[in-house]
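Next come the chains, spelled out residue by residue.
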Amino acid sequence: MSENLINRRKLLTMGAVAAGGVLALPLGRSEARAASPARASARRDAATWENIIEKSSFSSTTAFSREWEYGYPWGDTHNGAARMRDGKVSVSGGVLTLTSTRLSQPDGRSESEPLAPLWYHSGAVHAKESILVNDQFPEYDIEGEFRTRTGLGIWPAFWTTGIGDDWPPESDILEYVGDSTNLFNTWTKEAGTEEPADRYELSGHDPGEWHTYRVWMEKQGEDVLLDYYFDGDFQASHVGVGWAGVPQRLIINLQMGGWASGIGKDHPDFERQPGPSGDTTFQARNVWFGRTRNW
């Protein structure tokens, strides 16, 4: 990484601060990869399964308000160049639309590093119910259909994250950072502060078309096994080391600039935050998550 590129790990850390298992024994990663589709196909038949957010949560503003809150769990800015506004979030016909608009001048600066000038107003939402993988709730399934514009300065995401001192964990189920490659990322404290513990890159598709993104989480001792899927096909198995018992929040957001602009504070274009000059949209439908309950 060049000196002009932003260290995303540090930004996420500073921004967050500022602002029943079916296997008796743990599997190795290759074994988990092979076994996970079969396990996932059967889990919802269990009597202990419960849905937390239904696919109908974007069917009306009333349904939305039962399950979701506006903005990030910690406020209206993060590590990019957008301030989140409630008016940039809409629901219609079962579809959530987040719209980012370039401003004529910055609306202040982000409170998170790298303190980017806020050239955009955009949208973010987070689920009211938290995610907590533990002995009581050993499995979670999180899924949604999305379509988005991608390119320089555009940073949509569908992700789970710990907050403040509880970050990481973080699971990036959908994340496009300035281009059309989706990043399935898993972040852990064990891996340090520079890079994700695991990353799987997926390209060769059109993010502007509807696609299904999914993660299935399962408690494995003090860790959490994560299986990532795209359009129903298994992609990768990661391990969230030390995740068990750490609460997370589910977020859908359209961030702009920052790391997606590919520049750091010392770059001559930093104050301009390169990105789209007009409106950009990120849409979601049929988003839901559920879990198994042991008691």
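It should be noted that the structure appears before, not after, this text.
Note that the coordinates shown come from a computational prediction; the quantities given were computed from them, not determined experimentally. Each chain has its residues counted from 1, running along the sequence as written. The predicted nature of this model means local features are confined to residues of pLDDT at least 70 and side-chain atom pairs, given and counted, to a pLDDT of 80 or more, with totals for whole chains, interfaces and linings taken over all residues. As a rule here, side-chain values cover all heavy atoms of the structure and leave hydrogens and water aside.

Draft legend 1. Structural detail: the pairing of strand β9 (residues 154–161). Here β9 lies mainly inside the structure; eight of its eight residues are buried. Of the strand pairs in this sheet, β9 and strand β16 (residues 249–256) are connected by eight bridges, and their pairing is antiparallel. When the sheet's bridge partners are listed, proline 156 is paired in β16 with leucine 254. Each residue gets one of three labels from its accessible area relative to the maximum for its type: buried under 20%, exposed over 50%, partly exposed in between, using a 1.4 Å probe on protein chains only. Working definition: helices are DSSP H or I runs of at least four residues, strands are E runs of at least two. Numbering for both runs from the N terminus. Any two strands between which DSSP finds at least two bridges are classified as paired.

Draft legend 2. Here's a closer look at unusual backbone geometry. Cis geometry is found at the peptide bond from glutamate 113 to proline 114, where omega equals 15 degrees. Within the secondary structure layout, proline 114 lies in the loop between β5 (95–102) and β6 (120–122). Going from tryptophan 167 to proline 168, the amide bond is cis rather than trans, its omega being -15 degrees. By the element assignment, proline 168 lies in the loop between β9 and β10 (170–175). Backbone geometry at glutamine 273 places phi at a positive 50 degrees, although glycine is not the residue there. Here glutamine 273 shows up in the loop between β16 and β17 (279–292). Even without glycine at this site, asparagine 286 takes up a positive phi of about 50 degrees. Along the chain, the position of asparagine 286 falls in strand β17. Residue classification places asparagine 286 among the partly exposed positions, given a relative accessible area of 26%.

Draft legend 3. Examining the packing of aromatic side chains more closely. Stacked, tilted and edge-to-face pairs are distinguished by plane angle, under 30 degrees for stacked and over 60 for edge-to-face with tilted covering the rest, among Phe, Tyr and Trp rings (Trp via its six-membered ring) whose centres lie within 6.5 Å. For the coordinates displayed, the defined rule picks out 17 aromatic pairs. Ring geometry for tryptophan 167 versus tryptophan 187: centroids 6.2 Å apart, planes at 40 degrees, classification tilted. Taken together, the positions of tryptophan 167 in the loop between β9 and β10 and tryptophan 187 in strand β11 (residues 182–187) put the pair 20 residues apart, joining distant regions of the chain. For the pair formed by tryptophan 167 and tryptophan 187, the shared burial category is buried. Cluster of aromatic residues (ring-pair linked, three or more members): Phe146, Phe158, Tyr176, Tyr213, Phe230 and Phe282. One cation-aromatic arrangement involves arginine 214 over tyrosine 229; the distance from NZ or CZ to the ring centre is 4.2 Å. Taking the ring centre of phenylalanine 137 as reference, the NZ or CZ of arginine 291 above it sits at 3.7 Å. Definition used: whenever NZ (Lys) or CZ (Arg) falls within 6 Å of the ring centre and also within 35 degrees of the ring normal, the charge is taken to sit over that ring.

Draft legend 4. Structural context of the pattern of salt bridges. Salt bridge criterion: a side-chain nitrogen from Lys or Arg within 4 Å of a carboxyl oxygen from Asp or Glu. The tally for this structure, following the rule as stated, stands at 12 salt bridges. A salt bridge links glutamate 50 to arginine 293; its shortest N-O distance comes to 3.1 Å. Residue glutamate 50 is located in strand β1 (residues 49–53), and its partner arginine 293 is located in the segment after β17; the two are separated by 243 residues in the primary sequence. Its salt-bridge partner being arginine 85, residue aspartate 107 comes within 3.3 Å of it at the nearest N-O pair. Placement of aspartate 107 in the loop between β5 and β6 and of arginine 85 in the loop between β3 (82–84) and β4 (89–92) is noted, with a sequence separation of 22 residues between them. Using a relative accessible area of 23% as the deciding quantity, one classes aspartate 107 as partly exposed. One connected set of salt bridges, linked through shared partners, spans Glu50, Glu129, Arg291 and Arg293.

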